[in-house]
Amino acid sequence: MISAAFASAGEAAHHGPFYAQAEFWVAAAFVVVVGLAFRPVLRAIVAGLDTRAAQIKAKLDEARKLREDAQALLADYQRKQRDALQEAAAIVAHAEQEAERLKRTSAEALEEAVKRREQQAIERIAQAEQAALAEVRNLAVDIAIKTAGKLIADNMAADKAGALIDDAIKVVGQKLH
């Protein structure tokens, strides 16, 4: 009998309403537990994914910022290079202008020096010419005096000639000095 009672209870359990069966309640409890566990797990997964997305976004923003900084540095260095090239070109142009100015100045100074030396040579020639003329005059005066003295001595009486020579020497001496 006991076994027949267990058998009929087992059959009744299989034939009763679905909510009266243990498998239903096990399945319902499983669904509730999974449902209750799923929500925090889902939140944790979503929070982890959000955190990961925020980290990736931060890294992308940082990479974008670094790229912009690198581009700004590149543009700055390119501008500095252009400025340096322009400055170098200006320095070369200034050096060429300065060299040309020095060349002109040197040529003018050389020309002035040549003119000065030429003028000095002309002055020396003029002085030498005046000295030669003065020497020729002095020689001509000496010759004229000697010649006049000889002519007078030959043509005049001795006492009269001596007085005339003395007078002529005095006059010529006064005119020369």
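Owing to the predicted nature of the structure, the values given are computational and were not obtained by experimental measurement. (Residues numbered from 1 in each chain as written. Predicted model: local features only at pLDDT ≥ 70, side-chain atom pairs only at ≥ 80, totals over all residues. Heavy atoms only, no water.)

**A short note on the overall build of the protein chain**
Across its full length, the protein chain carries 3 helices and 0 strands. Relative to its full complement of 177 residues, the protein chain shows a buried share of 1%. (Helix = DSSP H or I, 4+ residues; strand = E, 2+ residues; numbered from the N terminus. Buried < 20%, exposed > 50% of the residue type's maximum accessible area, 1.4 Å probe, protein only.)

**Some words on the packing of aromatic side chains**
Within the structure shown, the criterion is met by 2 aromatic pairs. For the ring pair Phe18 and Phe24, a centre distance of 5.0 Å and an interplane angle of 85° mean the geometry is edge-to-face. Its relative accessible area of 30% is what places Phe24 among the partly exposed residues. When the ring of Phe24 is compared with that of Trp25, the centres are 5.0 Å apart and the planes differ by 75°; the resulting orientation is edge-to-face. Taken together, the aromatic side chains of Phe18, Phe24 and Trp25 make up a single cluster linked through ring pairs. (Phe/Tyr/Trp six-rings, centres within 6.5 Å; stacked < 30°, edge-to-face > 60°.)

**Side note on the pattern of salt bridges**
Enumeration over the complete set of coordinates arrives at 8 salt bridges. Between Glu98 and Arg101 there is a salt bridge, with its nearest N and O atoms 2.3 Å apart. With Glu98 and Arg101 both in helix α2 (residues 22–155), this residue pair falls 3 residues apart, about one helical turn. Judged by its relative accessible area of 36%, Arg101 is partly exposed. Salt bridges sharing partners connect three or more residues here, namely Asp76, Arg79, Lys80 and Asp83. (Salt bridge = Lys/Arg side-chain N within 4 Å of Asp/Glu carboxyl O.)

**A word on a nonpolar patch on the surface**
Taken together, the side chains of Phe30, Val31, Val34, Phe38, Leu42 and Val46 make up a nonpolar region of the molecular surface, amounting to roughly 560 Å² of accessible area. Relative to the helices and strands, Phe38 is located in helix α2. (Patch = residues over 30% accessible without salt bridge, like charges linked within 9 Å, V, L, I, M, F, W, Y side chains within 5 Å. Areas by Shrake-Rupley, 256 points an atom, 1.4 Å probe, with all protein chains shown as cover.)

**Observations concerning the confidence of the model for the protein chain**
Predicted confidence across the protein chain gives a mean pLDDT of 85, with 87% of residues reaching 70 or more. No element of the protein chain has a lower mean pLDDT than helix α1 (residues 2–15), at 52, and none a higher one than α2, at 91. (pLDDT = per-residue confidence, 0-100.)

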